[in-house]
Amino acid sequence: MSILIIGGDQISQISSMLTQLGAKTINHWDARKKSSAPKKKVPQDTDCIVMLTSFLNHNTMLKYKNEAKKKNIPFICAKRSINCVYDEYVKIMGIKDCKECYVNCDKELKC
């Protein structure tokens, strides 16, 4: 699974958690510059888009939300905390219990 994370600066904990949940590739766009983020195209192999909403403008969020909808890509909006991302990821991806989870976490990630 390939995940595109848009927003945020330090995402090492979030990317580690997503890797444990089955992500093979994680691309990150910090989207700090208003001029650069909305011009980028979502990579073709993207399986899920995670938006960290703390530092994004509305135009950037709308552009990628609409693109995800057109391409039928799961789209997750969350604050920049690992718990918020985890909760939204589990909800959107339909993980209901540990049997459906990709992680062998021994309950470390609350699954």
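Everything here concerns the structure above.
Residues numbered from 1 in each chain as written. Predicted model: local features only at pLDDT ≥ 70, side-chain atom pairs only at ≥ 80, totals over all residues. Heavy atoms only, no water.

(A) Geometry of the nonpolar core. If you look at the biggest cluster of nonpolar residues, it comprises 18 residues, and the most contacted ones within it are Ile3, Ile5, Leu18, Val50, Leu52, Val85 and Tyr89. Listed by contribution, the elements that provide at least two residues to this core are β1 (2-6), α1 (12-20), β3 (48-52), β4 (75-78) and α3 (82-93). It is α3 that provides the largest number of residues to this core, a total of four residues. Dropping the residues within four chain positions of it, Val50 is found in contact with Ile3, Leu4, Ile5, Ile6, Ile76 and Val85. In this structure, Ile6, Ile49, Leu56 and Tyr64 belong to the second largest nonpolar core, which totals 12 residues. (Core = buried A, V, L, I, M, F, W, Y, C linked by side-chain atoms within 4.5 Å. Buried < 20%, exposed > 50% of the residue type's maximum accessible area, 1.4 Å probe, protein only. Helix = DSSP H or I, 4+ residues; strand = E, 2+ residues; numbered from the N terminus. Contact = heavy atoms within 4.5 Å.)

(B) Spotlight on the pattern of salt bridges. Here the structure, examined in full by the defined rule, presents three salt bridges. Residue Lys71 pairs with Glu67 through a salt bridge whose shortest N-O separation is 3.3 Å. Taken together, the positions of Lys71 and Glu67, both in helix α2 (residues 58-71) and four residues apart, correspond to about one turn of that helix. Its salt-bridge partner being Lys91, residue Glu88 comes within 3.3 Å of it at the nearest N-O pair. Separated by three residues within a single helix, Glu88 and Lys91 lie in helix α3, roughly one turn from each other. On the basis of relative accessibility, which here comes to 23%, the residue Glu88 falls in the partly exposed class. On the accessibility criterion, Lys91 (56% relative accessible area) is exposed. (Salt bridge = Lys/Arg side-chain N within 4 Å of Asp/Glu carboxyl O.)

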